[in-house]
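# Overview (structure and organization)
Read off the chains here:
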Amino acid sequence: MFYQLMKYVLLGPLLKLLFRPRIEGLEHVPAEGAAIVAGNHLSFSDHFLMPAVLERRIIFLAKQEYFTGPGLKGRLTAAFFRAAGQIPVDRSGKEAGQAAIREGLGVLGRGELLGIYPEGTRSHDGRLYKGKVGVAVMALRAGVPVVPCAMVGTFEIQPPGRVVPRIRRVTIRFGEPLDFSRFAGQEGEKAVVRAVTDEIMYEILRLSGQEYVDEYAAVVKAAEAGGPSDEGPQKFPGGER
């Protein structure tokens, strides 16, 4: 109920009015049945703009920090994400990757639409970073298509650290569903899940036009900040993050 209220009455119409999103390829998102929408992640606004233009409800695996923030802002953010059905995922510790996969497979098992940002974190500089293989493991294990999605212009309206977004037009571009049924049963093979993930990231790159960096975003962020990555080792089948 809350999701429909926000999407169709309160937040959705306002977002469309302010940012006038160009929507391309919406017909590529399946009208029913389980599927994964895998997108780039440039801005906090992505969490709201993509669901606003989709005809179906989409459930994201959201980082746990969105549910544990301090103060009034933290409580409001947590309330919104919970009411919208978003799932908190603890990204620290060796079991974090497996927990995310279990939660995602639960969503897909119910025939729902699952949203994933394969980079694992927001891009801090607008570039597209190497994808983590959890998206491939879930796609192969659940036997579902992956729809690549590119958010274009959201970094400019609300880069990391900016609280109030600039009012500019954005583009949300969906690509044709990717079918990985040829790799069914091979989600435990390191080379296979890496290849599937790279294919997904290539399609996102093709749609977004971003510069690509063949490193994990969290690692690059940490190196630039002069400290360790804020994410613990996340082991997926195949042994790679």
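The preceding data block contains the structure.
Residues numbered from 1 in each chain as written. Predicted model: local features only at pLDDT ≥ 70, side-chain atom pairs only at ≥ 80, totals over all residues. Heavy atoms only, no water.

Counting secondary structure elements, the protein contains 8 helices and 9 strands. The proportion of buried residues among the 241 residues of the protein is 51%. Counted over contacts in the protein with a minimum sequence separation of 6, partners at least 24 positions apart contribute 79%. Carbon and sulfur atoms form 55% of the exposed surface of the protein, whose accessible area is close to 11,100 Å². (Helix = DSSP H or I, 4+ residues; strand = E, 2+ residues; numbered from the N terminus. Buried < 20%, exposed > 50% of the residue type's maximum accessible area, 1.4 Å probe, protein only. Contact = heavy atoms within 4.5 Å. Areas by Shrake-Rupley, 256 points an atom, 1.4 Å probe, with all protein chains shown as cover.)

Of all hydrophobic cores here, the largest spans 29 residues; its most connected members are V37, L49, M50, I58 and F174. If you list the elements that add at least two residues to this core, you get α1 (2–19), β2 (35–39), α2 (46–53), β3 (58–63), α3 (71–83), β7 (146–152) and β8 (171–174). The element contributing the most residues to this core is α2, with 5 residues. L49 has contacts with L15, F19, M151, T154, I157, V170 and I172, leaving out every residue within four places of it along the chain. Formed by 27 residues, the second largest nonpolar core is a distinct cluster that contains I59, I116, L128 and V144. (Core = buried A, V, L, I, M, F, W, Y, C linked by side-chain atoms within 4.5 Å.)

To continue, consider helix α7 (residues 190–208). In this model α7 runs 27 Å from its N-terminal to its C-terminal C-alpha over 19 residues, within 8% of the 27 Å that 1.5 Å per residue would give. Three or more residues of α7 are buried, namely V192, V193, R194, V196, T197, I200, M201, E203, I204, L207 and S208. Where the residues of α7 are buried, they touch β2, β6 (128–129), α5 (134–142), β7 and β8. Directly beyond the C-terminal end of α7, a positive phi value near 75 degrees is found at G209. (Expected span 1.5 Å × (residues − 1).)

On to unusual backbone geometry. Backbone phi values are negative for most residues with the exception of glycine, while trans is the configuration of most peptide bonds. A positive phi angle is found at R20, which is not glycine, with a value near 40 degrees. Its place among the elements puts R20 in the loop between α1 and β1 (22–24).

A few words now on the pairing of β2. Among the 5 residues in β2, 5 count as buried, and that is most of the element. Taking every second residue as pointing to the same face, both faces of β2 are buried, with A35, V37 and G39 on one and I36 and A38 on the other.

Right, let's get into the packing of α5 against α7. At a closest axis distance of 8 Å, the pairing of α5 and α7 adopts a crossing angle of 105 degrees. The orientation of α5 relative to α7 falls into the category roughly perpendicular. Contact residues: V135, A136, V137 and L140 in α5; V192, V193, V196, T197 and I200 in α7. Its residues placed into classes, the contact of α5 with α7 shows 8 nonpolar, 1 polar and no charged. (Axes fitted to C-alpha atoms, helices over the stretch in contact; angles between N-to-C directions. Parallel < 35°, antiparallel > 145°, perpendicular 65-115°, else oblique. Nonpolar A, V, L, I, M, F, W, Y, C, P; charged D, E, K, R; others polar.)

Once that is clear, we can look at the sheet that holds β8. On the basis of which strands lie adjacent, the open sheet formed by 7 strands has the order β1-β8-β7-β2-β5-β3-β4 and mixed pairing. With partners counted over all chains shown, the strands left at the sheet margins are β1 and β4 (87–89), one partner each. Within the sheet, the average angular offset between the axes of one strand and its neighbour, ignoring direction, is 25 degrees. Set on the sheet, α2 makes contact with β1, β2, β3, β7 and β8; between it and β8 the angle comes to about 60 degrees. The strands that α7 touches are β2, β7 and β8; relative to β7, the one it contacts most, it runs at about 35 degrees. (Pairing = 2+ DSSP bridges.)

A separate point is the environment of L105. Looking at where L105 falls in the secondary structure, it is placed in helix α4 (residues 96–109). Each C-alpha atom, one on L105 and one on A34, is 9.9 Å from the other, the two residues being 71 residues apart in sequence.

This next bit is on the pattern of salt bridges. The full count for this structure, using the stated rule, is 8 salt bridges. A salt bridge links E112 to R110; its shortest N-O distance comes to 2.6 Å. In this structure E112 comes out as partly exposed when scored by relative accessible area, which is 22%. In this structure R110 comes out as exposed when scored by relative accessible area, which is 53%. Put simply, E211 and R127 hold a salt bridge, and the shortest N to O gap is 3.5 Å. Remark: R127 occurs in the loop between β5 (113–116) and β6 and E211 occurs in the loop between α7 and β9 (212–213); sequence separation between them is 84 residues. A residue is classified by how much of its surface remains accessible, and R127, at 23% relative accessible area, is partly exposed. (Salt bridge = Lys/Arg side-chain N within 4 Å of Asp/Glu carboxyl O.)

Purely geometric numbers; function is a separate question.
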